[in-house]
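Residues per chain are reported as follows:
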Amino acid sequence: MSNGKYSKLWTVNVISFILFVILCSTGLINWLVLPRGYEARGNFLVSLRHFFIAIHEWAGLIFIVLIAIHIILHWPYIKSNLKKYGIMK
Ligand code: HEM
């Protein structure tokens, strides 16, 4: 693999990992910690929930794009394996 491609993959992987950690924390905090609906009325925690939902959604979208780029960068390897195992001609 060329050096330029390797450094692109490294960057994509590091950013993906950071986004994954953000996705896990915002998803789990919203699900298990923050109050929801009527429970959270008049409470600043409801704003925190909305903030975390926005972060979770945008991080999720960027994460999906980065995973697609990750697959594209690995495409020659994936293609050669698909050929090797007879899944692709
Ligand atoms: C591509 C990655 C992801 C996308 C696109 C995504 C998207 C979403 C969306 C749209 C919601 C609903 C938010 C709302 O209430 O409006 C949600 C909720 C949730 N997500 Fe994710 N998510 C992703 C990854 C993850 C990961 C890695 C975790 C790991 C823990 C996670 C945990 C959760 C949890 C626990 C909830 C429920 C929160 C609640 O009940 O309030 N998500 N996610």
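Scroll up a little and you will see the structure.
Quick caveat: nothing in here was measured; it's all calculated off a predicted structure.

(A) Representation of the packing of aromatic side chains in the model. For the structure on display, the rule yields two aromatic pairs. Here F51 and F52 contribute two aromatic rings whose centre-to-centre distance is 6.0 Å and whose plane-to-plane angle is 40°, an arrangement assigned as tilted.

(B) Region of the structure containing the site of the ligand. Surveying the vicinity of the ligand reveals 15 residues, the closest of which are G27, R36, R49, H56 and E57. Here an oxygen atom of the ligand and a side-chain polar atom of R49 are 3.2 Å apart. Residue E57 places a side-chain N or O atom 3.4 Å away from an oxygen atom belonging to the ligand. Elements that contribute at least two residues to the shell around the ligand include exactly helix 1 (3–32) and helix 2 (44–73). In the shell around the ligand, the residues fall into eight nonpolar, four polar and three charged.

(C) Local environment of the coordination of the iron atom of the ligand. Protein coordination of the iron atom of the ligand rests on one atom only, H56 (NE2), at 2.0 Å. As for its placement among the helices and strands, H56 is situated in helix 2.

(D) Broad picture of helix 1. A rise of 1.5 Å per residue sets the reference length of helix 1, with its 30 residues, at 44 Å; its end C-alpha atoms lie 43 Å apart and thus fit the reference within 8%. For helix 1, the complete set of buried residues consists of L9, V12, S16, L19, L23, T26 and N30. For helix 1, the elements touching its buried residues are helix 2.

(E) Structural view of the packing of helix 2 against helix 3 (residues 75–84). Running from amino to carboxyl end, helix 2 crosses helix 3 at an angle of 60°, the nearest separation of the two axes being 4 Å. Residues I71, I72 and L73 of helix 2 pack against W75, P76 and I78 of helix 3. Its residues assigned to classes, the contact of helix 2 with helix 3 comprises six nonpolar, no polar and no charged.

(F) Quick look at the packing of helix 1 against helix 2. Contact geometry for helix 1 and helix 2: axes closest at 8 Å, N-to-C directions at 150°. As far as their axial angle goes, helix 2 and helix 1 are roughly antiparallel. The chirality of how helix 1 crosses helix 2 is left-handed. A breakdown of the residues in the contact of helix 1 with helix 2 according to their chemical character gives 18 nonpolar, eight polar and three charged.

(G) Inspection of the environment of V14 at higher detail. If you trace the backbone, V14 turns up in helix 1. Between the alpha carbons of V14 and E39 there is a distance of 38 Å; along the sequence they are 25 residues apart.

(H) Expanded view of the nonpolar core. One finds L9, V12, L19, L23, A59, L66 and L73 forming the largest nonpolar core, which totals seven residues. For this core, the secondary-structure elements that each account for two or more residues are helix 1 and helix 2. The element best represented in this core is helix 1, accounting for four residues. Not counting residues up to four positions away in its chain, the partners in contact with L23 are H56, A59, G60 and F63.

Conventions we followed
Residues numbered from 1 in each chain as written. Predicted model: local features only at pLDDT ≥ 70, side-chain atom pairs only at ≥ 80, totals over all residues. Heavy atoms only, no water. Phe/Tyr/Trp six-rings, centres within 6.5 Å; stacked < 30°, edge-to-face > 60°. Near = heavy atom within 4 Å. Polar contact = N/O pair within 3.5 Å; in protein donor to acceptor, adjacent residues only side chain to side chain. Helix = DSSP H or I, 4+ residues; strand = E, 2+ residues; numbered from the N terminus. Nonpolar A, V, L, I, M, F, W, Y, C, P; charged D, E, K, R; others polar. Donors = N, O, S within 2.8 Å, 3.2 Å for Na, K, Ca; no water. Expected span 1.5 Å × (residues − 1). Buried < 20%, exposed > 50% of the residue type's maximum accessible area, 1.4 Å probe, protein only. Contact = heavy atoms within 4.5 Å. Axes fitted to C-alpha atoms, helices over the stretch in contact; angles between N-to-C directions. Parallel < 35°, antiparallel > 145°, perpendicular 65-115°, else oblique. Left-handed = near helix turned anticlockwise from the far one by under 90°. Core = buried A, V, L, I, M, F, W, Y, C linked by side-chain atoms within 4.5 Å.

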